[in-house]
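# Residue-level structural notes
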Amino acid sequence: MYILLALVAACALGIAAHFLIDGRELRGVALTPGIATVVTAALYTGLQWAGLGEDNVWLWLASILGGVVVAVVATLALVAARRRSDAAKTAALGI
């Protein structure tokens, strides 16, 4: 049940990251928090299977911060790709 604490924390930090990263109009509101939550769930589960207990601080730091870092990198990459694509389409249309 402790995984729920990690998932809620990752989702909350993902929401904060969504509003801190520029280009909100180019992506959905649930993208960044969703990625953070999914990656955190995978990391938390994997680290538990690797033998880290719930009382180990590295389980919490690696899963929560790892999920948020992956979400931020993925969001930045998506926004950059979307801007390039939009600029190419605008140039092709002569707008």
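On a predicted model such as this, the values are computed, not experimentally measured, just so you know. (Residues numbered from 1 in each chain as written. Predicted model: local features only at pLDDT ≥ 70, side-chain atom pairs only at ≥ 80, totals over all residues. Heavy atoms only, no water.)

## Digging into the packing of helix 1 (residues 2–20) against helix 3 (residues 57–93)
In plain terms, the rule: Under this scheme, a helix contributes an axis fitted over its contacting stretch, all axes are lines through C-alpha atoms, and angles between N-to-C directions fall in the 0 to 180 degree range. Helix numbering and strand numbering both begin at the N terminus, where a helix is a DSSP run of H or I of at least 4 residues and a strand a DSSP run of E of at least 2. Here the angle decides the label: under 35 degrees means roughly parallel, over 145 means roughly antiparallel, 65 to 115 means roughly perpendicular, and every other value means oblique. Should the near helix be turned anticlockwise from the far one by less than a right angle, the crossing is termed left-handed; should it be turned clockwise, right-handed. By definition in these notes, contact holds between two residues if any of their heavy atoms fall within 4.5 Å. Polarity classes work like this: nonpolar for Ala, Val, Leu, Ile, Met, Phe, Trp, Tyr, Cys and Pro, charged for Asp, Glu, Lys and Arg, and polar for all others, with Gly in that last group.
Packing of helix 1 against helix 3 brings their axes to within 9 Å, and their N-to-C directions diverge by 30°. It follows from the interaxial angle that helix 1 and helix 3 lie roughly parallel. The interaxial crossing formed by helix 1 with helix 3 has right-handed handedness. For the pair formed by helix 1 and helix 3, the contact residues are Y2, L5, A6, A9, A10, L13 and A17 on the first element and W60, S63, I64, V68 and V72 on the second. The residue inventory of the contact of helix 1 with helix 3, partitioned by class, reads 11 nonpolar, 1 polar and no charged.

## A short note on helix 3
Residues three or four positions apart in an α-helix share a direction because the helix packs 3.6 residues into each turn. The line we're drawing: To estimate how far a helix should extend, the number of its residues minus one is multiplied by 1.5 Å. For the purposes of these results, a polar contact is taken to be a pair of N or O atoms within 3.5 Å, where, inside protein, one atom must be able to donate a hydrogen and its partner to accept one; residues adjacent in sequence count only when each atom of the pair is a side-chain atom.
Its 37 residues place the ends of helix 3 53 Å apart at the C-alpha level, agreeing with the 54 Å of an ideal helix rising 1.5 Å per residue. Of the surrounding secondary structure, the elements contacted by the buried residues of helix 3 are helix 1 and helix 2 (31–49). The N-cap of helix 3, judged by a side-chain oxygen 3.0 Å from the amide nitrogen of W58 a few residues on, is N56. In the stretch just after helix 3, G94 is the one whose phi turns positive, near 75°.

## Let's talk about the nonpolar core
Note the following rule: Buried Ala, Val, Leu, Ile, Met, Phe, Trp, Tyr and Cys residues form a nonpolar core when they are joined through side-chain atoms within 4.5 Å. Between buried and exposed lies partly exposed: a residue is buried under 20% and exposed over 50% of the maximum accessible area for its type, with that area taken using a 1.4 Å probe on protein chains only.
A6, Y44, L59, W60 and I64 together form the largest nonpolar core, which totals 5 residues. For this core, the leading source of residues is helix 3, giving 3 residues.

## Concerning the packing of aromatic side chains
For any pair of aromatic rings, the description rests on two quantities: the centre-to-centre distance and the angle between the ring planes. Filter applied, for reference: Aromatic rings from Phe, Tyr and Trp, taking only the six-membered ring of Trp, are treated as a pair when their centres fall within 6.5 Å; an angle between ring planes under 30 degrees marks them as stacked, one over 60 as edge-to-face, and anything in between as tilted.
Applying the stated criterion to the full structure yields 1 aromatic pair. Here the aromatic rings of Y44 and W60 are separated by 5.5 Å at their centres, their planes lie at 70°, and the arrangement is edge-to-face. With Y44 in helix 2 and W60 in helix 3, this pair connects stretches of sequence that are 16 residues apart.

## Section: the packing of helix 2 against helix 3
It is the contact of helix 2 with helix 3, at a shortest axis distance of 8 Å, that shows an interaxial angle of 145°. Seen from above, helix 2 lies across helix 3 with right-handed handedness. Of the residues contributing to the contact of helix 2 with helix 3, the split by class is 17 nonpolar, 7 polar and no charged.

## Remarks on helix 2
Our working rule: Comment: arc refers to directions from the helix axis out to C-beta atoms.
The terminal C-alpha atoms of helix 2 lie 27 Å apart, and with 19 residues this matches the ideal 27 Å at 1.5 Å per residue to within 8%. If you check which residues of helix 2 are buried, you get T32, P33, A36, V39, T40 and Y44. Buried positions in helix 2, seen along its axis, are confined to an arc of 140° and lie on one side of it. Facing away from the buried side of helix 2 by over 90 degrees, the exposed positions are V38, A42 and W49. Buried residues along helix 2 sit against helix 1 and helix 3. Following helix 2 by one or two positions, G51 adopts a phi angle in the positive range, close to 115°.

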